[in-house]
Structure formats: C-alpha cells, structure tokens
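The primary structure of each chain is shown beneath.
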Amino acid sequence: MRSFAACASLFLVFIATGNAIECEVCSNRAGMDCSGELVTCDQTVESCLTSIADYSFEGLDPIYNVFKDCSGVGAKNVFYRGTANQDFFQLRVEACQSNGCNKGPLQFPPKNLTLNGVKCPSCAVDGELSCEPTEILECVGEMTSCIYIAATFRVSAEPPIQSAFRGCASSESVEQFPVYPADVIQDIVTLIITKGV
C-alpha cells in the first residue's frame, strides 16, 4: 500500500511539473533585447512576461531597458507613454501563455506626434520630490491626461535617484498607471492623474 501511495505521489508530481510553464529570464539595462535560459516557473505562474522601456532626456542618448521573466499572477499587457518638458518615456509589457513565448525582441509602435488638443503643466527635476510647472505642454497622440509623479527612479545601471515630473500621459487614472518592475520605480510619494487644461 505504501509503495502504491509513493508511486501515485511521484506520478502527481510528474504531472504537476509537466504543466509548469517555461519562460526566458534575463535583463538588460542598455538595450532593447536580452537572452537567457529557459526557466521552469512556479506552479502559480500562468504566463511569461517581457517588459521594455525607453527613456529619452534632452541632450542625452536614449536609455533602453528590457526585462524577461515568469509573470506575476494576473499580469496584463500594458502600453504607456508620458512626456514632461523635453523628456519622453514609454513602456510596453506583454504577457504570453506558452513555453518560451517571451524569447525574441519586443518593439514599440510608431510615435504619434499629432496634437490632440490636451495641454498640461510641465516640469522635470532630479534630486527632489516635487516640482513647480515651468511651462504648458501640448500633448500628442494617446497622451490625453496630465500626470504629476514624484518617486525614486532607476533607469540605468546608475544608482536610483529621486525625481519629480509633470506632463502628459496615456494613463487616464491612477488605477491605469502601469506597474513597473520593483527596481525601476520605488517609493512613489506623489501620483496624480487629471484631465488636461
């Protein structure tokens, strides 16, 4: 009887292991793609995740980030764009549900630079957790809301830095603001999303 129970237990473990999804796991803080090993995810994981980000700051080369991993429960596809003064940010997250489905690069759709009639107060500062608007920004494309965010950001291999931004965003509410990898945005102090002026 014990041997039957042991065999049944092994069989159930074999079946459970066979149902676990395998995802590529890697990160790159200096490019738009990365490659890594296929990892068998935890049984609670139902999908693989790829997250790409593009930060463009006035006078500097763009900074690109990519993360691939087993996804958290309830992972959703996300596309977000925001701009403040001369800074621009975009994020795309894609979840997929088959073994190795997050291998290969992910790309952003083309930028839509058509004015949409929305105007937002704008400012951007590093080293502080607040900023006062210095100009009114005319929003473009899908960025139809105004955002004010102050938090600790890590956008490259450099140490995290406290920053504050006001500008245009594609999220229509705080609830729609995307969830970032934990080491990208930490300790959000202010997050306000409003309609444009």
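Residues numbered from 1 in each chain as written. Predicted model: local features only at pLDDT ≥ 70, side-chain atom pairs only at ≥ 80, totals over all residues. Heavy atoms only, no water.

For clarity, the cut-off: UniProt positions are given in the numbering used here, feature names are shortened, and annotations may be inferred rather than shown by experiment.
An unreviewed UniProt entry lists the protein chain under the name Sodefrin-like factor, with Cynops pyrrhogaster as the source organism. The Subcellular location (unreviewed entry) field of the UniProt record for the protein chain holds the comment "Secreted".

1. Looking at the environment of Ser122
The condition is simple: Under the DSSP-based scheme used, a helix requires at least four consecutive residues in state H or I and a strand at least two consecutive residues in state E, with every element numbered from the N terminus. A simple rule labels every residue: compare its accessible area, found with a 1.4 Å probe on the protein chains alone, to the largest value its type can have, and call it buried under 20%, exposed over 50%, or partly exposed in between. We call two residues in contact when some of their heavy atoms are within 4.5 Å.
With respect to the secondary-structure elements, Ser122 resides in strand S8 (residues 115-126). Exposure remark for Ser122: the relative accessible area of 0% places this residue in the buried category. Between the C-alpha atom of Ser122 and that of Cys168, which follows or precedes it by 46 residues, the distance is 7.9 Å. In contact with Ser122, not counting residues within four places along its chain, are Ala84, Asn85, Pro133, Thr134, Glu135, Leu137, Arg166 and Gly167.

2. A closer look at the pairing of strand S7 (residues 87-96)
Heads up, the condition is: In this analysis, strands are considered paired if DSSP registers two or more bridges between them.
Judged by how many residues are buried, S7 sits mostly within the fold: eight of ten residues are covered. Pairing geometry for strand S4 (residues 48-56) and S7, over nine bridges, is antiparallel. Residue pairing in the sheet places Ser56 in a bridge with Phe88 of S7. Between strand S6 (residues 78-84) and S7, which pair antiparallel in sequence order, lie two residues; one of them, Asn85, sits at a positive phi of approximately 50°.

3. Overview of the state of the cysteines
The condition is simple: Cysteine sulfurs are considered disulfide-paired once they come within 2.5 Å of each other.
Enumeration according to the criterion identifies seven disulfides in this entry. Disulfide pairing is shown between Cys96 and Cys101; the S-S distance is 2.0 Å. Between Cys96 and Cys101, the S-S dihedral sits near 85°, and the bridge is therefore right-handed. Residue Cys96 is classed as buried on the basis of its relative accessible area of 18%. By relative accessible area, which is 25% here, Cys101 ends up partly exposed. A disulfide bridge connects Cys139 with Cys168, and the sulfur atoms are separated by 2.0 Å. When the S-S torsion is -80°, as for the bridge of Cys139 with Cys168, the disulfide is left-handed.

4. Thoughts on the nonpolar core
Soluble globular proteins tend to pack their nonpolar side chains together in the buried interior. What counts, and what does not: To form a nonpolar core, buried Ala, Val, Leu, Ile, Met, Phe, Trp, Tyr and Cys residues must be joined to one another through side-chain atoms within 4.5 Å.
Residues Tyr80, Phe89, Leu91, Ile147, Ile149, Phe153 and Phe177 are the most contacted members of the largest nonpolar core, which totals 17 residues. Within the residue set of this core, elements represented by two or more residues are S4, S6, S7, strand S10 (145-153), strand S11 (161-169) and strand S12 (185-195). At four residues, S10 tops the list of elements feeding residues into this core. With residues up to four places along the chain from it excluded, the contact list for Ile149 reads Ser163, Ala164, Phe165, Phe177, Thr190 and Leu191. Ranked by size, the runner-up nonpolar core spans nine residues in total, among them Phe88, Leu137, Cys139 and Val140.

5. Focus: the packing of aromatic side chains
As a reminder of what qualifies: Classification of ring pairs rests on two measures: the distance between centres of Phe, Tyr or Trp rings, Trp counted by its six-membered ring, which must be within 6.5 Å, and the angle between planes, read as stacked under 30 degrees, edge-to-face over 60 and tilted in between. Comment: the charge-over-ring label is applied if NZ (Lys) or CZ (Arg) is within 6 Å of the ring centre and within 35 degrees of the ring normal.
With the rule as written, the count across this model stands at four aromatic pairs. Measuring from ring centre to ring centre gives 5.5 Å for Tyr80 and Phe177, while their planes differ by 80°; the resulting arrangement is edge-to-face. Placement of Tyr80 in strand S6 and of Phe177 in the loop between S11 and S12 is noted, with a sequence separation of 97 residues between them. By the burial criterion, Tyr80 is buried, and Phe177 matches it. On the basis of an interplanar angle of 90° and a centroid distance of 5.5 Å, the ring pair of Phe153 and Phe165 is categorised as edge-to-face. Here Phe153 is found in strand S10, whereas its partner Phe165 is found in strand S11, with twelve residues between them in sequence. Both residues of the pair, Phe153 and Phe165, belong to the buried class. The ring centre of Tyr148 lies 3.6 Å from the NZ or CZ of Arg166, which sits over that ring.

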